[in-house]
Amino acid sequence: MGKKVAEILVEVLEQAGVERCYGIVGDTLNLFAESLDKSSIEWVHVRHEEAGAFAAGAEAQLTGGLTACAGSCGPGSLHFINGLYEANRNRSPVVLIASQVMSSELGFEFIQEVDFKSLFKECSVYCEQIYTPEQARRKVVAACQAAIALKGVAVLIVPVDMSHGEVKEDFPYRVHNAQPLIRPNDQEISDIAKILNEGQKIAIYAGSGCEGALDEIKAVADRLKAPVAHTSRAKDALAYDNPYNVGMTGILGNEAGYNAILECDTLLMLGADFAWRQFYPDHAKIVQIDIKPTHLGRRHHVSLGAVGDVKATLQALLPHLEENPDESFLGEFVDRYKKVIEETQKHLKPGHDDTIPASYLMSRINKYAADDSLLVADDGSPIVWATRHFDANGKRRIFGSLLHGTMASALSSSFGLQKAAPDRQVIACCGDGGLTMLFGELITTIQENIPVKIIVFDNGKLGFVEIEQKAEGILDTFTKLKNPDFGKVAEAIGLWGKTVNKAADLDGAIQELLAQPGPGLLNVIVNQLELVKPPMIELKPVVGMALYSARAILHGRGADVLEMIRENI
Ligand SMILES: Cc1ncc(C[n+]2csc(CCOP(=O)(O)OP(=O)(O)O)c2C)c(N)n1
Ligand SMILES: [Mg+2]
């Protein structure tokens, strides 16, 4: 007797190191589900497939290992799409088993037929269908191989008749997890060194490609006397135990990080693919090192682009670098960054009448979170406060939708983090908009026994959008949210739940939440009008704010404007 394709799929996933598969079952997936149930792979039952993709992506991002999700045909697998975009952009190795209607009906608009191949093409590194049972093992191996080697999402489309197909002659195709060491060639290393050695005001801009390379970056920064600015995604890898650190640039950044990059004469970009062109210097010489050749020079024109792993490249480069005798550029920006931190600390305090600014809430989470906690924050203002006020220490990690920029990823991502790291504290910082977008996932915490700690930044609105509208001079439009008491909702579902709205109650509530053995939700009513201030003053948003204020006053909403001023100045 031969083997069923469904069994082969599961066998290969196991061999490729998959520990969990997130999803929702359905007719075309049933045989796969039965095989999975007999395997070592854990099935995690979410309430919306998008959440399954967020969870799988976060698990893969944390562990670097392959993680799976699986869905039924048509709408079932379609639902994964936004989470798969997120995973693919984060370079998380995830494989989706997208089950499909019978092969014989494909192309006739059969009920639930969806053309997955064209649908998932853009958010994957591999998207193929199984056409005969005999090619099943080779195809699922190819899918896993692509996800691991190209670091991204692989989609394998499996028509239901293929799942049931039997294979008599099977060959030992298997997945290989190669870890090559990649760096620029010797000539390129010497060309890079020449540019850097000629620089006087040298800065380093470090991105998420720098994970694991902090020692090498510090050694290069010391030799070149270069301040190190970093992207938001690199904070947890670089913003600790690093005397050269000047924080982030970009809208989330600070004055020192922002200006160090703009004022340097030579910029060394390391594993950074920051998208906003206005934050790059126009007249500096730029050397860019990235593991992905397609990233070279795609954001800003660079003088020299080279391909390599940051750690291996810097190890090869260091012996060629000369000591920069002038420390003044480094000294100036390190001092400026110190001042930024001191100023910021002064502002992290309760609001008027004992209210809770969201930035202050994040600073208290920062105070009480475990030394090795994993924190994930929703797009919108929670991720801004997280990247600004949640400190890195080399053990903590910060996650957010920083490339795809989707709402509602925090809660579901926290599932993947907690499943992969059951002994660590996992905190999901959710917007009230983000939480309710995938509200059903609160139930997953109970069903799947996932003890995540959820903190809702309840400002009663789509706050980040409202700030954007005001900066454009528009009155807030369609941003209000009519919320239930999320603390009570949590309790009704079976989680520990509480709502606070006074700063005096906040510390106790956070500690109580974090001490819960199971899942818990702390709903914090935060100030409605705290603005996210960028590191630089630009005319357009200032004019926009003035225009908004004038319009609000004309519409009889002068009190809102006064409140905004009171909360932010
Ligand atoms: C899926 C999706 N829909 C819409 C947006 C646009 N958007 C970005 S932030 C945001 C508001 C988020 O509101 P909330 O979760 O309450 O966080 P807040 O900014 O209020 O703290 C919206 C609508 C998006 N990024 N993703
Ligand atoms: Mg909100």
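Because the structure is a prediction, the values reported are computed rather than measured. (Residues numbered from 1 in each chain as written. Chains lettered and ligands numbered in written order. Predicted model: local features only at pLDDT ≥ 70, side-chain atom pairs only at ≥ 80, totals over all residues.)

### Describing the overall build of the protein chain
Next, step 1: Along the protein chain, the regular secondary structure elements total 24 helices and 20 strands.
Next, step 2: By the compact-globule yardstick of 25 Å for 569 residues, the protein chain fits well, its C-alpha radius of gyration being 25 Å.
Next, step 3: Along the first, second and third principal axes, the C-alpha set of the protein chain runs to 75 × 65 × 45 Å.
Next, step 4: Counting over 569 residues, the protein chain shows a buried share of 52%.
Next, step 5: Restricting to contacts in the protein chain with at least 6 residues of sequence separation, those with at least 24 account for 74%. (Helix = DSSP H or I, 4+ residues; strand = E, 2+ residues; numbered from the N terminus. Rg over C-alpha atoms; globule rule 2.2 N^0.38 Å. Buried ≥ 20, exposed ≤ 12 C-beta atoms within 10 Å, placed from the backbone. Contact = placed C-beta atoms within 7 Å.)

### A look at the domain arrangement of the protein chain
Next, step 1: One can read the domain layout of the protein chain as domain 1 (3-167), domain 2 (186-338) and domain 3 (348-568).
Next, step 2: For domain 1 and domain 3, the distance between their C-alpha centres works out to 33 Å.
Next, step 3: On the side of domain 3, 23 residues touch domain 1, which itself brings 22 residues to the contact.
Next, step 4: Elements that contribute at least two residues to the side of domain 1 that touches domain 3 include exactly strand 3 (42-45), helix 3 (49-63) and helix 5 (81-89).
Next, step 5: With 11 residues, the single largest contributor to the side of domain 1 that touches domain 3 is helix 3. (Domains from an automatic or database assignment.)

### What to know about the pairing of strand 3
Next, step 1: Relative to strand 3, strand 2 (residues 20-23) runs parallel, the two sharing 4 bridges. Across the sheet, residue Gly-23 finds its bridge partner in strand 3, namely His-45.
Next, step 2: Taken together, strand 2, helix 2 (residues 30-37) and strand 3 form a β-α-β motif whose crossover is right-handed. (Pairing = 2+ DSSP bridges. Right-handed = clockwise from strand over helix to strand, strands pointing away.)

### Overview of the site of ligand 1
Next, step 1: Taken together, the neighbourhood of ligand 1 is formed by 19 residues, with Gly-380, Gly-431, Gly-433, Gly-463 and Phe-464 sitting nearest.
Next, step 2: Counting residues per element, the ones that place at least two in the shell around ligand 1 are helix 16 (381-389), helix 18 (432-437) and helix 20 (463-471).
Next, step 3: Along the lines of polarity and charge, the residues of the shell around ligand 1 split into 6 nonpolar, 9 polar and 4 charged. (Near = placed C-beta within 6 Å. Nonpolar A, V, L, I, M, F, W, Y, C, P; charged D, E, K, R; others polar.)

### What to know about the sheet that holds strand 19 (residues 496-500)
Next, step 1: If you trace the 6 strands from one edge of the open sheet to the other, you get 16-15-17-18-20-19, paired in parallel fashion. In the strand order of this sheet, the two ends are held by strand 16 (397-400) and strand 19, each with one partner. Neighbouring strand axes in the sheet, compared pairwise and without regard to direction, differ in orientation by 15° on average.
Next, step 2: Both strand 15 (residues 374-377) and strand 16 contribute to a ladder of 4 bridges, which runs parallel. Note that in strand 16 the partner of Val-376 across the bridge is Phe-399. (Axes fitted to C-alpha atoms, helices over the stretch in contact; angles between N-to-C directions.)

### Things to note about helix 3
Next, step 1: Along its 15 residues, helix 3 runs 21 Å from first to last C-alpha, staying within 8% of the 21 Å computed at 1.5 Å per residue.
Next, step 2: Within helix 3, 14 of the 15 residues are buried, which leaves it mostly tucked inside the rest of the structure.
Next, step 3: One or two steps after helix 3, the chain reaches Gly-64, where phi turns positive at roughly 80°. (Expected span 1.5 Å × (residues − 1).)

### Some points on the sheet that holds strand 7 (residues 153-159)
Next, step 1: The parallel open sheet is built from 6 strands, whose spatial order is 3-2-4-5-7-6. At either end of the open sheet lies a strand with only one pairing partner, and these are strand 3 and strand 6 (126-129). Strand-to-strand twist of the sheet, defined as the mean angle between neighbouring strand axes without regard to direction, takes the value 20°.
Next, step 2: In this fold helix 7 (residues 136-149) packs onto strand 5 (94-100), strand 6 and strand 7, with an angle of close to 160° to the strand it touches most, strand 7.

### Description of unusual backbone geometry
Next, step 1: In this structure, Arg-91 takes a positive phi of about 60° despite not being glycine.
Next, step 2: The phi angle at Asn-449 is positive, at roughly 55°, despite the residue not being glycine.

### Comments concerning the nonpolar core
Next, step 1: Within the largest apolar cluster, 163 residues are counted, with the highest numbers of intra-cluster contacts made by Leu-9, Cys-144 and Ile-217.
Next, step 2: In terms of residues, this core owes the most to one element, helix 3, which gives 8 residues.
Next, step 3: If we skip the residues at most four places from it in the chain, Leu-9 touches Phe-32, Ile-97, Ala-136, Val-140 and Val-158. (Core = buried A, V, L, I, M, F, W, Y, C linked by C-beta atoms within 7 Å.)

### With respect to the environment of Ser-103
Next, step 1: Along the chain, the position of Ser-103 falls in the loop between strand 5 and helix 6 (116-120).
Next, step 2: Spatially, the C-alpha atom of Ser-103 lies 28 Å from that of Ala-56, the residues being 47 residues apart in sequence.
Next, step 3: Excluding residues within four positions of it along the chain, Ser-103 makes contact with Pro-159, Asp-161 and Met-162.

### Structural notes on the environment of Lys-482
Next, step 1: Within the secondary structure, Lys-482 is located in the loop between helix 20 and helix 21 (486-493).
Next, step 2: A residue is classified by how many C-beta atoms lie within 10 Å of it, and Lys-482, with 5 of them, is exposed.
Next, step 3: Along the backbone, Lys-482 and Gly-460 are 22 residues apart, and their C-alpha atoms lie at a distance of 6.5 Å.

### Examining helix 22 (residues 503-514)
Next, step 1: The end-to-end C-alpha distance of helix 22, which contains 12 residues, comes to 17 Å, matching closely the 16 Å that a straight helix rising 1.5 Å per residue would cover.
Next, step 2: Those residues of helix 22 not exposed but buried are Leu-506, Ile-510 and Leu-513. Around the axis of helix 22, the buried residues are gathered within 70° of arc, so they sit on the same side. Opposite the packed face of helix 22, turned more than 90 degrees from it, sit the exposed residues Ala-504, Gly-508 and Gln-511.
Next, step 3: Those residues of helix 22 hidden inside the fold are in contact with helix 15 (358-368), strand 18 (453-458), strand 19 and strand 20 (520-525). (Arc of directions from axis to C-beta.)

### Remarks on the pairing of strand 13 (residues 285-290)
Next, step 1: By the criterion of burial, strand 13 is predominantly enclosed, with 5 of the 6 residues buried.
Next, step 2: Relative to strand 13, strand 12 (residues 266-270) is paired through 5 bridges, and the arrangement is parallel. Paired with Leu-267 across the bridge in strand 13 is Ile-286.

### Observations regarding the environment of Leu-31
Next, step 1: In this structure, Leu-31 sits in helix 2.
Next, step 2: On the neighbour-count criterion, Leu-31 (20 C-beta atoms within 10 Å) is buried.
Next, step 3: Residues Leu-31 and Glu-7, spaced 24 residues apart in sequence, show a C-alpha to C-alpha distance of 8.4 Å.
Next, step 4: Setting aside its immediate chain neighbours within four residues, Leu-31 contacts Lys-4, Ala-6, Ser-163 and His-164.

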